[in-house]
Amino acid sequence: MKTKLKFLVLLPFFALLLFTSCQEETVDITPPDEAEALVADSQLTSFLSATSKNDGSKDNIIDGTSCISVKLPVVVKVRGVEIR
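Residues numbered from 1 in each chain as written. Predicted model: local features only at pLDDT ≥ 70, side-chain atom pairs only at ≥ 80, totals over all residues. Heavy atoms only, no water.

The next subject is the overall build of the protein. Of the regular secondary structure elements, the protein holds three helices and two strands. In the protein, which comprises 84 residues, the share counted as buried stands at 4%. Here the protein has roughly 8,500 Å² of accessible surface; of this, 64% comes from carbon and sulfur atoms. (Helix = DSSP H or I, 4+ residues; strand = E, 2+ residues; numbered from the N terminus. Buried < 20%, exposed > 50% of the residue type's maximum accessible area, 1.4 Å probe, protein only. Areas by Shrake-Rupley, 256 points an atom, 1.4 Å probe, with all protein chains shown as cover.)

Structure, rendered in structure tokens:
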């Protein structure tokens with residue numbers, strides 16, 4: 001009997017929660033400004049091109065990533081001892 005009472009109380013609550021949680025999405029499309037557009041001969045596009053052409057796999061043992069490079073040779077100090 002108590003379980004039916006709890007069910008009858010909770011069912012309208014969850015039904016109300018279901019109907020109030022829906023909302024309509026609005027799509028706002030704004031055209032980009034001319035100043036924000038990338039141009040083929042800009043400095044940013046040349047940086048992006050150089051970064052994508054970089055083969056950073058030579059030093060993967062040091063940094064573990066192929067997207068960046070470490071300028072070699074590297075000097076590491078461990079407890080005051082230099083390792084080259």
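Despite not being glycine, Arg-79 has its phi angle at roughly 50°, a positive value. Tracing the backbone shows Arg-79 in the loop between strand 1 (76-78) and strand 2 (81-83).

On the surface, Leu-10, Phe-13, Phe-14 and Leu-17 cluster together into a nonpolar patch covering about 400 Å² of accessible area. Looking at the element boundaries, Leu-10 is found in helix 1 (residues 2-20). (Patch = residues over 30% accessible without salt bridge, like charges linked within 9 Å, V, L, I, M, F, W, Y side chains within 5 Å. Salt bridge = Lys/Arg side-chain N within 4 Å of Asp/Glu carboxyl O.)

Take the side chain of Thr-45 next. Residue placement: Thr-45 occurs in helix 2 (residues 43-53). Look at Thr-45 and you get buried, because its relative accessible area is 18%. Engagement of the side chain of Thr-45 in a polar contact is seen with the backbone oxygen of Ala-40, the distance being 3.2 Å. Setting aside residues no more than four positions away along its own chain, Thr-45 makes contact with Leu-38, Val-39 and Ala-40. (Polar contact = N/O pair within 3.5 Å; in protein donor to acceptor, adjacent residues only side chain to side chain. Contact = heavy atoms within 4.5 Å.)

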